Amino acid sequence: MSRSPILYFDCTNSGPKRPSSGLVRVARSLASALKKQYKDFQGVVWDKRKSLYLSIDDGQPISEDELNVLLTTDVFSEKERSGYEFWLSQTPMKTVALFHDAIPIKFPEFTWPRSVERHPRYMKMLASFSQVLAVSKHSAGELSAYWKWVGLE
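Report follows, based on the coordinates. The model shown is predicted, which means the values in this text are computed figures rather than measured ones.

## Notes on the sheet that holds strand β2 (residues 41-47)
Then comes step 1: Read across the sheet, six strands follow the order β3-β2-β1-β4-β5-β6 without closing on themselves; strand pairing throughout is mixed. Bordering the open sheet on either side are β3 (52-55) and β6 (131-134), each of which pairs with just one other strand. Taking the axes of each pair of neighbouring strands and ignoring which way they run, one obtains an average angle of 30 degrees across the sheet.
Then comes step 2: Pairing between β2 and β3: four bridges, direction antiparallel. For V45, the partnering residue across the bridge sits in β3 and is L54.
Then comes step 3: Sitting on the sheet, helix α5 (residues 137-150) is in contact with β5 (94-99) and β6, with an inclination near 135 degrees to β6.

Structure below.
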């Protein structure tokens, strides 16, 4: 008997103790809608000491079965998620990222310095995901242009 895939939703930066920034509100709204649509929906967080995702329900490592899917809306860097790039290159499961915008690169004067510092590497890391979804055609164009500029496809 075949089983349905598990949709893992990355809650690392959008947990209940996080301030409600625009990115956090997007993540929480999307998680709420997806919970209603998917029976096998599970929130997860990245454990940088173990370099893997853990279930928010029981703290156990997730099943990286090739049928399962991880969706993240987070903006991150390897510094914040030690081992993440390696994990992305090794996991057999489908990985999907939501790309918001390139504002920290295009308008650094309006952006928190930490975001300005991490955003170029973050945008490069997105190329390691199985799929990247953009919040708009404009954002998709910015990401594609950036990848072309840095020599990625």
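## Re the pattern of salt bridges
Then comes step 1: All told, the structure shown has six salt bridges when counted by the stated rule.
Then comes step 2: Among the salt bridges present, the one from E85 reaches R121, with a minimum N-O distance of 1.8 Å. Within this pair, whereas E85 is found in helix α2 (residues 84-90), its partner R121 is found in helix α4 (residues 113-125), the two being separated by 36 residues in sequence.
Then comes step 3: The class of R121 is partly exposed, set by a relative accessible area of 33%.
Then comes step 4: One continuous salt-bridge network, built from bridges that share partners, spans D10, D74 and R81.

About the criteria used
Residues numbered from 1 in each chain as written. Predicted model: local features only at pLDDT ≥ 70, side-chain atom pairs only at ≥ 80, totals over all residues. Heavy atoms only, no water. Pairing = 2+ DSSP bridges. Helix = DSSP H or I, 4+ residues; strand = E, 2+ residues; numbered from the N terminus. Axes fitted to C-alpha atoms, helices over the stretch in contact; angles between N-to-C directions. Contact = heavy atoms within 4.5 Å. Salt bridge = Lys/Arg side-chain N within 4 Å of Asp/Glu carboxyl O. Buried < 20%, exposed > 50% of the residue type's maximum accessible area, 1.4 Å probe, protein only.

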